[in-house]
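Reading the structure
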Amino acid sequence: MTAQTGIGARVKRKEDLRFLTGTGRYVDDLPLARSTYAHFLRSPHAHARIKSIDISAAKAMPGVVEIFTGKDVADAKVGSLICGWVVKDKHGQPHKAPPHPVMAADTVRYVGDPVAMVVANSHDEAKDAAEAIKVDYEVLPSNVDLAKAFDGGAAQVHAEAPGNLVYDWEIGVKADVDAAFAKAAHVTKVDIVNNRLIPNAMEPRAAAAEYDKGTGQYTLWSTSQNPHVLRLILSAFVLGIPEHKLRVIAPDVGGGFGSKIFCYNEETMVCWAASRVGRPIKWTAERTESFQTDAHGRDHVTHAELALDKEGKFLALKVETIANMGAYLSTFSTAVPTYLYATLLAGQYTTPVIYANVKAALTHTAPVDAYRGAGRPEATFVVETIVSKAAQELKMDPAELRRKNFIPSDAFPYQTPVALQYDSGNYPPIIDEAMKMADYKGFEARRAEAKSRGKLRGIGFSSYIEACGLAPSQVIGQLGGGVGQWESAQIRFNPTGNVQVLTGAHSHGQSHETTFAQIVSDKLGVPIEQVEVVHGDTATTPFGMGSYGSRSLAVGGSAIMKAAHKIIAKGKKIAAHLMEASAADVVFENGIFKVAGTDKSVPLAQTVFAAYVPHNYPLAELEPGMDENAFYDPANFVYPAGTQICEIEVDPDTGVVEIVNFTAVDDFGNIINPMIVEGQVHGGIVQGVGQALLEKAVYDKDTGQLLSGSFNDYAMPRADDVPSFKLGYKVTPCPHNPLGVKGCGEAGAIAAPAAVMNAVHDALAPLGVSHVPMPATPLNVWQAIHGGARQAA
Amino acid sequence: MTIPVAMTVNGKPVSGKVEARTLLVQFLREHLGMTGTHVGCDTSQCGACVVHVDGKSVKSCTMLALQAEGAQVTTIEGLAESAEKLHPMQEAFRENHALQCGFCTPGMVMSAIDMVKRNNYQLDEATVRRELEGNLCRCTGYHNIVKAILAAAPAMKAAGV
């Protein structure tokens with residue numbers, strides 16, 4: 001295909017026109033005739049027993065159609081929301097799995113837990129009526145503090161999980177690690193709190209449903225990253241609607257970052273109630289509800305120790321983490337601090353033995369689950385924090401210590417001591433390039449110059465590895481995952497020669513409509529404007545696993561490649577017939593079938609037409625039509641890697657940290673559209689910078705109220721909090737998928753917190769400051785400098 | 001109780017009956033079916049709902065529909081002459097990949113146009129970043145939005161818009 005639109009080209013996005021002209025179609029934009037509107041009454045308490053609910057006054061309010069309480073849902077035998085990943089603890093026992101009612105019937109367990117749904121003719125009327133519902137609560141003791149969750153005195157969240165322990169899990173051989181520590185010349189220790197984050201996709205979660213009495217068909221529109229998975233969960237586990245009678249549509253979705261993977265209470269309720277109300281129901285979260293009830297991210301407390309020999313070679317790593325699950329186990333919550341976290345603790349290094357122990361805790365807070373990076377940012381933060389601290393303690397250059405311990409470029413595939421086998425990589429050129437782009441050599445001069453202005457300048461490295469492109473299904477199955485992790489694709493030619501590409505992946509900002517079209521255009525020689533990518537509707541697309549874990553291109557794109565190869569194989573047979581040649585002699589180049597060594601040729605479009613109008617066609621051997629589907633199950637994860645270098649200035653008088661320079665060099669394998677990849681990296685970095693400098697979900701320790709419950713209280717990164725970025729690439733193609741691609745969606749967020757925090761610690765080291773809690777807000781930094789007595793919230 | 005309201009939206013006279021509490025953004029989305037303007041928060045922080053009222057950018061969630069009585073309102077739907085001829089700011093957003101999920105985009109574009117005009121078509125990066133305080137984006141990291149606005153300023157001047 002032409003260089004302007006094929007693989008590697010900076011093709012402008014096909015989705016932009018509708019988004020730029022206000023014609024995108026998000027869930028809340030749907031016009032549904034005769035629609036009703038739902039509003040949820042939520043618990044104002046972190047933990048309470050519901051003594052009674054009186055809906056009589058509310059039911060008489062204007063416009064009210066129906067009110068459902070947790071008792072109605074329990075009486076109707078609606079199932080529990082599920083956690084779809086069984087993690088076995090260190091004794092081989094499955095994790096504790098307390099029930100997660102769709103609406104609380106007798107006990108509420110976090111502020112925001114839904115207790116009633118009001119359905120009315122307008123949203124305002126539903127909201128007014130919800131205020132008239134009288135709930136008599138008996139407030140119970142609560143605990144929102146992760147560090148205290150296992151204390152004997154902490155309030156119990158569920159009777160099914162004694163001591164609030166969901167699992168006590170381990171990986172690695174502790175005795176080997178202890179033996180290595182015994183021989184260490186130096187041990188570096190860190191205590192880390194990985195701050196709790198609230199995802200805040202700009203489009204709040206929304207759901208709309210209608211029920212067709214005549215056919216028994218439910219249609220649910222949801223802000224989902226994976227409509228087929230949502231349908232599967234609702235059908236098989238929660239609502240019992242036969243899968244073929246439930247259509248789930250995820251139309252334009254305004255960002256997800258993990259938070260829209262999961263099966264939530266509200267979409268379940270809206271779907272369930274649609275048949276009972278007999279009219280469509282719409283619900284859109286207010287931002288306050290997003291803060292309170294979207295699955296939160298991170299929230300770890302970790303102690304880690306790194307053993308080094310006298311040359312600075314890593315001998316062993318030991319990690320103890322407690323991870324907050326919140327009040328209920330969200331859909332994939334249990335996997336995040338185990339298989340997506342501890343398996344990444346080797347980082348880019350040859351650390352020969354690693355042991356990690358993870359305890360998952362229940363608290364009276366919103367559920368915690370995957371958020372951009374999901375486990376890998378936590379692992380990277382541990383590894384890259386401890387490596388930089390070790391360099392500081394040993395008075396070594398942080399880049400030099402990293403280089404000394406990098407997995408050698410000729411050692412791939414490389415088996416880590418924590419289960420993963422890295423397929424490919426070449427780390428030294430990445431850090432070299434990053435240091436060149438960041439002008440590392442000139443840093444000390446810049447530090448001195450900053451000092452002359454009264455500013456403290458610091459520089460921080462973060463050399464991350466991640467495992468994404470989720471995932472080989474059999475590996476997932478062995479680890480307790482409840483689903484396959486392949487992806488599907490269908491390439492459907494129309495008789496006139498244009499193409500629909502149906503994918504099981506879902507785009508909520510990732511630009512699949514462009515990237516996937518580039519692949520098909522490139523491989524099949526069809527002009528890109530004649531390629532339409534279709535996604536997000538269980539009625540029109542093949543069963544797919546959706547988008548998360550930077551999997552869309554590596555897995556979904558590979559499925560498209562497989563389908564494209566099937567198209568070419570079939571086209572070859574048709575072309576051979578049309579050219580009266582042997583299929584073995586037909587070659588395919590730039591959209592044209594040719595007989596090698598002759599001037600005979602047939603364009604693909606002609607074979608398509610012949611396939612749909614098979615008047616001159618080998619019908620005895622070949623089916624008509626040009627429509628091929630494929631499922632692709634990856635052989636391994638993919639392993640993007642990179643180095644970020646962050647340079648900051650601290651104002652010691654105010655504690656304000658300013659990022660003055662930020663460089664990221666990544667290896668994403670082959671790149672389909674560099675413009676889109678850069679956009680993914682920019683966005684990821686800013687989410688990581690947000691975690692490092694600004695964002696923190698805070699619950700009041702006494703009342704369990706979410707204090708950071710709005711954009712007024714929770715510091716989202718804004719344009720003037722961040723600089724422009726310098727990006728670079730190195731390419732080692734993935735050896736096991738047909739495009740040679742790795743994932744780029746999460747890398748920025750995975751690496752950035754450590755890069756920023758290492759820079760802050762570097763800047764403050766001359767003052768003797770050894771630890772600043774994350775986020776490095778002005779208050780936290782100022783207190784670290786000035787030895788503030790009061791612990792920052 | 002409903003109250004009649006009338007205004008001009010994207011050059012066309014419109015009217016309706018609203019409750020006193022109906023916000024301008026609700027009137028646009030729910031009464032007129034113009035869903036290009038988005039609601040991303042409940043505290044007037046995110047800026048997804050920015051429209052122009054009598055030529056000035058306004059968060060349409062902070063204004064009652066009745067306060068816009070008689071006003072000239074421009075929304076994201078009213079910017080482009082046609083699918084082929086976008087406003088220079090829309091074009092710059094496309095050229096510079098300044099949008100991903102598209103949800104904050106309408107407000108970003110409307111704020112950006114107002115920003116360029118208020119600054120007399122002359123902007124630098126620091127000014128753009130400061131002026132974007134009232135618009136949140138979770139996808140792009142702002143890098144390409146800033147680039148787009150800086151590129152659009154001279155293009156708007158040249159186009160006389």
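The structure this text deals with has already been given above.
Residues numbered from 1 in each chain as written. Chains lettered and ligands numbered in written order. Predicted model: local features only at pLDDT ≥ 70, side-chain atom pairs only at ≥ 80, totals over all residues. Heavy atoms only, no water.

**A few points about the interface of chain A and chain B**
- Of the residues lining the interface, 54 residues belong to chain A; the matching set on chain B comes to 45 residues.
- The largest contributions to the chain A side of the interface with chain B come from A:Leu20, A:Met202 and A:Arg718, which together make up 18% of the buried area.
- Applying the counting criterion to the chain A and chain B interface returns six salt bridges.
- In this structure, A:Asp128 engages B:Arg21 in a salt bridge whose closest nitrogen and oxygen atoms are separated by 2.9 Å.
- Elements with a minimum of two residues in the side of chain A that touches chain B: helix 1 (16-20), helix 4 (123-131), helix 8 (287-293) and helix 17 (674-694) of chain A.
- With eight residues, helix 17 of chain A is the largest single contributor of residues to the side of chain A that touches chain B.
- Grouping the amino acids of the side of chain A that touches chain B by side-chain chemistry returns 22 nonpolar, 17 polar and 15 charged. (Contact = heavy atoms within 4.5 Å. Buried area = accessible area lost by both parts, 1.4 Å probe. Salt bridge = Lys/Arg side-chain N within 4 Å of Asp/Glu carboxyl O. Helix = DSSP H or I, 4+ residues; strand = E, 2+ residues; numbered from the N terminus. Nonpolar A, V, L, I, M, F, W, Y, C, P; charged D, E, K, R; others polar.)

**Quick look at the nonpolar core**
- Ranked by size, the top nonpolar core spans 211 residues in total, and within it A:Leu345, A:Tyr422, A:Phe662, B:Met89, B:Phe93 and B:Ile149 carry the most contacts.
- Tallying contributions element by element places helix 18 (residues 747-764) of chain A first for this core, with 12 residues.
- Once you skip the residues sitting within four places of it in the chain, B:Phe93 turns out to touch A:Leu20, B:Ala98, B:Leu99, B:Thr105, B:Met108, B:Val109, B:Ile145, B:Ala148 and B:Ile149.
- Membership of the second largest hydrophobic core comes to 51 residues, among which are A:Ala9, A:Ala517, A:Ala559 and A:Ala610. (Core = buried A, V, L, I, M, F, W, Y, C linked by side-chain atoms within 4.5 Å. Buried < 20%, exposed > 50% of the residue type's maximum accessible area, 1.4 Å probe, protein only.)

**Section: the pairing of strand 3 (residues 50-53) of chain B**
Residue and element names in this part refer to chain B.
- Here strand 3 shows a buried face lined by Val50 and His52 and a second buried face lined by Val51 and Val53.
- Examined bridge by bridge, strand 3 and strand 4 (residues 56-59) share four bridges and lie antiparallel to one another. Bridging from a neighbouring strand, valine 50 pairs with lysine 59 of strand 4.
- Counting the residues between successive antiparallel strands, the hairpin from strand 3 to strand 4 contains two residues, one of them, aspartate 54, with a positive phi of roughly 50 degrees. (Pairing = 2+ DSSP bridges.)

**What to know about the side chain of B:Asn144**
- Secondary-structure assignment places B:Asn144 in helix 5 (residues 143-159).
- Using a relative accessible area of 5% as the deciding quantity, one classes B:Asn144 as buried.
- A polar contact is formed between the side chain of B:Asn144 and the backbone oxygen of B:His97, at a distance of 3.2 Å.
- Discounting chain neighbours no more than four positions away, the residues touching B:Asn144 are A:Gly679, A:His682, B:Asn96, B:His97 and B:Ala98. (Polar contact = N/O pair within 3.5 Å; in protein donor to acceptor, adjacent residues only side chain to side chain.)

**Here we look at the side chain of A:Asp168**
All names here are of chain A.
- The topology assignment puts aspartate 168 in strand 7 (residues 165-171).
- A relative accessible area of 14% means that aspartate 168 is categorised as buried.
- At 2.7 Å, the side chain of aspartate 168 forms a polar contact with the side chain of asparagine 357.

**Brief notes about the environment of A:Thr515**
Residues and elements named next belong to chain A.
- As for its position among the elements, threonine 515 is in helix 14 (residues 512-524).
- For the pair threonine 515 and isoleucine 676, spaced 161 residues apart in sequence, the C-alpha separation works out to 8.3 Å.
- Aside from chain neighbours lying at most four places away, what touches threonine 515 is Leu553, Ile672 and Ile676.

**Looking at helix 12 (residues 443-452) of chain A**
All names here are of chain A.
- Here helix 12 has its buried residues at Phe443, Arg446, Arg447 and Ala450. Along the axis of helix 12, the buried residues cluster in a sector spanning 105 degrees; they form a single face. Pointing more than 90 degrees away from the buried face of helix 12 are the exposed residues Ala445, Lys451 and Ser452.
- Buried residues along helix 12 sit in contact with strand 18 (456-465), strand 26 (641-651) and helix 18.
- Positive backbone phi, at 85 degrees, marks glycine 454, one or two positions downstream of helix 12. (Arc of directions from axis to C-beta.)

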